[in-house]
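Structural overview for review
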Amino acid sequence: MSADGSSLDFSLLRREMLGEVLEAGSERYEWRRVVINKACRNRPLAIVVPKNTEDVSKSVRFAAKFGLQISVRSGGHSYTCTSVRDGGMQIDLRMLNKVKLVSTAQSPTGLAAYLGPGSTWGRVLRIIPPEFYSYPHGQCKSVGVGGYLLGGGVNWLGTFNKYGYGAESVLRLQMVTANGSIVDVEPSRSTLYPAYGHEGKTVIRHQGGNDLFYAMRGAGASFGIATEFLYKINPTPETLPAAVMVWADSSEDLQRIRRAAQGSNRYSILLVTEFVGSFWNNPQTQAIYKVLPAVLYGVKVLHWMPQDPVVISVTDIRLGQSLRNTWC
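Note that the structure is a prediction, hence the values are computed from the model and not measured.

How each quantity is defined
- Residues numbered from 1 in each chain as written.
- Predicted model: local features only at pLDDT ≥ 70, side-chain atom pairs only at ≥ 80, totals over all residues.
- Heavy atoms only, no water.
- Disulfide = S-S within 2.5 Å.
- Helix = DSSP H or I, 4+ residues; strand = E, 2+ residues; numbered from the N terminus.
- Buried < 20%, exposed > 50% of the residue type's maximum accessible area, 1.4 Å probe, protein only.
- Salt bridge = Lys/Arg side-chain N within 4 Å of Asp/Glu carboxyl O.

Following the criterion strictly, the structure yields 1 disulfide and no others. Through a disulfide, Cys40 is tied to Cys81; the S-S separation comes to 2.1 Å. Handedness here is read from the sign of the S-S torsion; for Cys40 and Cys81, about -85°, the answer is left-handed. Here Cys40 is found in the loop between α2 (29–33) and β2 (46–49), whereas its partner Cys81 is found in the loop between β3 (70–73) and β4 (89–92), with 41 residues between them in sequence. On the basis of relative accessibility, which here comes to 4%, the residue Cys40 falls in the buried class. Given the relative accessible area of 15%, Cys81 is considered buried.

Moving on, we come to the pattern of salt bridges. Note on pairing: side chains with opposite charge can pair once their charged atoms come close. A full pass over the atoms with the stated rule returns 10 salt bridges. Ionic pairing is found between Arg43 and Glu30, a salt bridge with its closest N-O pair at 3.1 Å. Of this pair, Arg43 sits in the loop between α2 and β2 while Glu30 sits in helix α2, and the two are 13 residues apart along the sequence. The shortest N-O distance in the salt bridge between Glu252 and Arg259 comes to 2.7 Å. According to the relative accessible area criterion, Glu252 is partly exposed, its value standing at 34%. By relative accessible area, Arg259 is classed as partly exposed at 41%. Look at the salt bridges and you will find they share partners, linking Glu30, Arg33 and Arg43 into a network.

Following this line, the structure appears as structure tokens:
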């Protein structure tokens, strides 16, 4: 059988799995294939929709056996189209969408959540509401949990400013390696599940060159397929950032903003470059954002200034602060 899958019999995998195997041209294939980035027009030979970690393991072993490249989708927001590739097999993790809040001594706050990689942050926020809890999460609610956390977990919301990268709040995870092995990954060790039931688990202590916990948190799709996260939850409401418009007429003004940001252990100050300069002159962005450009222009005219103000976000990052910045 060729590596391009021209003579592959996907029914072999279909019989082993609880989930679906959708080949190109089959019903529901096209609906499953479409991702958020409309520039991603790639077409895998088959889309596998696992229902559990064992399904993911069987899919990876099948792909390895027949030389198929694998792409992995959680929310489908990949800018580089890595979540859907031409040929090969796409593993669509959207059925692995568990969201469960638990009390556990494994979390320094006493609270954590089991999160499936295929859940979206909008779903997580509905089940673990930010009016009562806080944690780094995707800025866009349709972003998938898996891609966000494996990519580092960055946004310009208050939770990121306060608690750091989302990856830093991962307490442990379960994953499938490139050879189909299932592994529980913790800070100090990885526990390898046996391929056969009569065998015992293998515990590998992490050292400098084999630390999967370090590698997975920020490596994107490079090291393995995460199938579940244990994620730290803070038992305080989310702190909302304030957006402030300021004039920055020179490099010295930017240096003042930098000094203010570096000199405070109370507030996180970020320059939101998304709202600066020629960004709004792009017809595509003008069609999407209609209000803020007009506000910035009005402020410029009102103050007789030659340029638009820049926007900075300010967040009270002291522990215990919630919902609002104290000064605004």
